Amino acid sequence: MENLKKYQMYIGGEWVDAASGDYFETDNPYTGRPWGLIPRGGQQDVDSAVNAAHRTLNSVEWRGMTASKRGQLLRALGDMLGEHAPHLAEIEVRDNGKLYAEMSQQTEYLRQWYYYFGGLADKIEGAVIPIDKADNFTFTQYEPLGVIAAIIPWNSPLFLAAWKIAPALAAGNTLVIKPSEFTSASMLEFAKIFEKVGLPAGVLNVVTGFGVEVGAPLAVHPLVAKVAFTGSETTGKRIYATAAEGLKKVSLELGGKSANMVFEDAHLDNAVKGVISGIFAACGQTCVAGSRLLVQRSIHDNFVHKLVDLARTARLGDPMLSTTQLGPVTNRPQLSKILDYIGIAKQEGAEAVIGGKQPKEASLQAGWFVEPTIFIGIANSMRIAREEVFGPVLSVIPFDDEEEAVALANDSNYGLAAGLWTSDYRRALRLPSQLQVGTVWVNTYRAMSYMAPFGGYKQSGIGKESGQDMIKDYLQKKTVWMSTQEEVPNPFIIR
Ligand code: ADP
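Predicted model, so just to flag it, every value in this text is computed and none were measured.

What counts, and at which threshold
- Sequence positions are assigned chain by chain, starting from 1 and proceeding in written order.
- In keeping with the predicted nature of the model, local features appear solely for residues at pLDDT of at least 70, side-chain atom pairs appear and are counted solely at 80 or more, and the whole-chain, interface and lining totals rest on all residues.
- By convention in this description, side-chain values take in all heavy atoms of the structure and omit both hydrogens and water.
- UniProt positions are given in the numbering used here, feature names are shortened, and annotations may be inferred rather than shown by experiment.
- A simple rule labels every residue: compare its accessible area, found with a 1.4 Å probe on the protein chains alone, to the largest value its type can have, and call it buried under 20%, exposed over 50%, or partly exposed in between.
- Whether two residues touch is decided by their heavy atoms; if any such pair falls within 4.5 Å, the residues are in contact.
- Consider each residue's heavy atoms; a residue with any of them within 4 Å of a molecule or strand counts as near.
- Two N or O atoms form a polar contact when they lie within 3.5 Å of each other; inside protein one atom must be a possible hydrogen donor and the other a possible acceptor, and for residues adjacent in sequence the pair counts only when both atoms belong to side chains.
- Residue burial considers only the protein chains on display, and all accessible areas are found by Shrake-Rupley using a 1.4 Å probe.
- In this description a helix means any DSSP run of H or I spanning at least four residues, a strand means any run of E spanning at least two, and both kinds are numbered starting from the N terminus.
- Classification convention: Asp, Glu, Lys, Arg as charged; Ala, Val, Leu, Ile, Met, Phe, Trp, Tyr, Cys, Pro as nonpolar; all other residues, Gly among them, as polar.
- A pair of strands is considered paired only if DSSP assigns at least 2 bridges between the two.
- Remark: nonpolar core denotes a set of buried residues (Ala, Val, Leu, Ile, Met, Phe, Trp, Tyr, Cys) joined through side-chain atoms within 4.5 Å.
- In this document the domain limits rely on a domain assignment from an automatic tool or a database.
- Stacked, edge-to-face and tilted labels apply to pairs of Phe, Tyr and Trp rings (six-membered ring for Trp) whose centres lie within 6.5 Å, assigned for plane angles under 30 degrees, over 60, and everything in between, in that order.
- Only when the NZ of Lys or the CZ of Arg is both within 6 Å of the ring centre and within 35 degrees of the ring normal is a charge said to sit over the ring.

**With respect to the UniProt feature "active site" (unreviewed entry) in the protein chain**
Okay, so step 1: Those residues carrying the UniProt feature "active site" (unreviewed entry) are E253 in this numbering.
Okay, so step 2: Taking relative accessible area as the criterion, E253 reaches 3% and is therefore assigned buried.
Okay, so step 3: Beyond its immediate sequence surroundings of up to four residues, E253 is in contact with W163, F229, T230, G231, C287, L416, F454, S460 and E465.

**Examining the site of the ligand**
Okay, so step 1: Surrounding the ligand, one finds 18 residues, the nearest of these being I152, K178, E181, S232 and T235.
Okay, so step 2: A distance of 2.8 Å separates an oxygen atom of the ligand from a polar atom in the backbone of I152.
Okay, so step 3: Residue K178 places a side-chain N or O atom 2.9 Å away from an oxygen atom belonging to the ligand.
Okay, so step 4: About the coverage of the ligand: the protein hides 83% of its 550 Å² of free accessible area.
Okay, so step 5: Contributions of two or more residues to the shell around the ligand are made by α9 (211-220), β11 (224-230) and α10 (233-245).
Okay, so step 6: Of the residues in the shell around the ligand, the class split is 8 nonpolar, 7 polar and 3 charged.

**Quick look at the environment of S363**
Okay, so step 1: Mapped onto the elements, S363 comes out in the loop between β15 (351-354) and β16 (373-376).
Okay, so step 2: Given the relative accessible area of 55%, S363 is considered exposed.
Okay, so step 3: Taking the C-alpha atoms as reference, S363 lies 73 Å from F137; in sequence the two are 226 residues apart.

**Topic: the pairing of strand β20 (residues 439-442)**
Okay, so step 1: Burial along β20 is one-sided: T439 and W441 are buried, and none of V440 and V442, which face the opposite way, are.
Okay, so step 2: Of the pairings in the sheet, the one linking strand β19 (residues 417-421) to β20 comprises 4 bridges and is parallel in character. Within β20, the residue paired with A418 across the bridge is V440.

**Quick look at the nonpolar core**
Okay, so step 1: One finds F190, L204, V262 and F303 to be the most contacted residues of the largest nonpolar core, which totals 122 residues.
Okay, so step 2: At 11 residues, helix α7 (residues 157-170) tops the list of elements feeding residues into this core.
Okay, so step 3: Shared between two domains, this core takes at least three residues from each, and those domains are domain 1 (5-254 + 460-479) and domain 2 (259-442).
Okay, so step 4: Residues within four places of L204 in sequence aside, it is in contact with Y10, I165, L175, I177, F190 and F194.

**What about the packing of aromatic side chains?**
Okay, so step 1: Within this structure, the stated rule accounts for 19 aromatic pairs.
Okay, so step 2: Here the aromatic rings of Y10 and W15 are separated by 4.7 Å at their centres, their planes lie at 35°, and the arrangement is tilted.
Okay, so step 3: Assessed through its relative accessible area of 4%, Y10 is described here as buried.
Okay, so step 4: On the accessibility criterion, W15 (25% relative accessible area) is partly exposed.
Okay, so step 5: One aromatic cluster is present, formed by Y109, W113, Y116, F117, F159, W163, Y450 and F454 through successive ring pairs.
Okay, so step 6: Its end group placed over the ring of W35, R94 keeps NZ or CZ at 5.0 Å from the ring centre.
Okay, so step 7: Above the ring of Y474, the side-chain terminus of K226 is found at 3.9 Å from the ring centroid.

What follows is the structure in structure tokens.
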């Protein structure tokens, strides 16, 4: 038995085991072996965490803290995260297999969400209404929603959690976080840093465990006011249905089947890089993966040729090494899912011009690797063009003109993002408003910022994350009426 690092959960400012005393193993996708033990939480742990968050919500310590102080503490958290960024990145890589080169940038960038929303904390102002009724003074104020349940997936755990934690705390809520069972360690390491900042105990709690054992009871808990979820469409819909029972608010950031569209007038070498990074960065395990390449027929063969040439140079290997360009996929079930979809595409008549299998190199046999795969001969009606694979698998679909490109891009249940490669500024201005997606990238792909709202149209989700408006998604507005009359008028008339 290997020496596995044993973690505890963080509830009410205490480090605790699961009430059951059970653990489960967390694996390293590169070695295919377990490296840590994570507490297997359940209903009782969810109750403890939600109760702790609820107690703190109404405590003098938290309720009485000024918004400026909250902001200051969030900025201090940002500073501390910056100091620990390399360590956090190592943990992320060990658990989800993404490249250290990418995760270290991500953990370094993380702090900006805490700075930005920390800065916003004391800039939320209500209004005095120039009310139409005489002798009344009427104003609005913003108040926190309450306890927020944040349910996080495995692809970018700390990053996607920051999108929820920073605005939720800036707005004065408290949180219970449930990381993915595949990547729980980084959130527990984050909590170790968080506890040093000096926010009241119970403001942030982390319960680890499986979706049905922790996520489901958390999402239906009567003291939870809002569920902020990033993950699969299936789970998102389940959460939405159960949240409806308790009239809880939700934000859902779900899947995508995003079109990366390349026109014949594009700078082709840039477009090749953009398409490659859109689908092979993070091994295609991002909700915004540009998994459908729509390419103008006049350049189809040439462009596919260039893509294959570049994809062929991708070095698969240890995600910790700076020379590696493609790491393993995050977990065994995901590996099977990707291989199943590759099989489905082949059955549907698609032709793999590169990849389409697991690599043969001896050094890659322990880990969960898939070759970068490009399919041609795809019709937009095929399953491989409609369903989210979440892996390094690109489907190439030709189009004749702009109208057809837009129609194909929009012919999807999803609406998360789209990429557009063109040198024609008129087209670049014309197309974004025709695309039914939450984000359009023109001559770039996968750019994100704490300042820029992000979220899906259609089946890709509900609500936005990041950007200053969305702090209001963690607040509710109250209207206060005050009479300035000396006497209460006729009580039998509503005013
Ligand atoms: P992914 O494919 O990204 O893992 P999931 O939707 O399965 O997508 O998982 C995202 C998060 O949702 C994880 O933290 C997972 O444990 C959690 N989860 C899974 N099933 C449920 C459920 N029924 N209720 C609440 N959370 C769940």
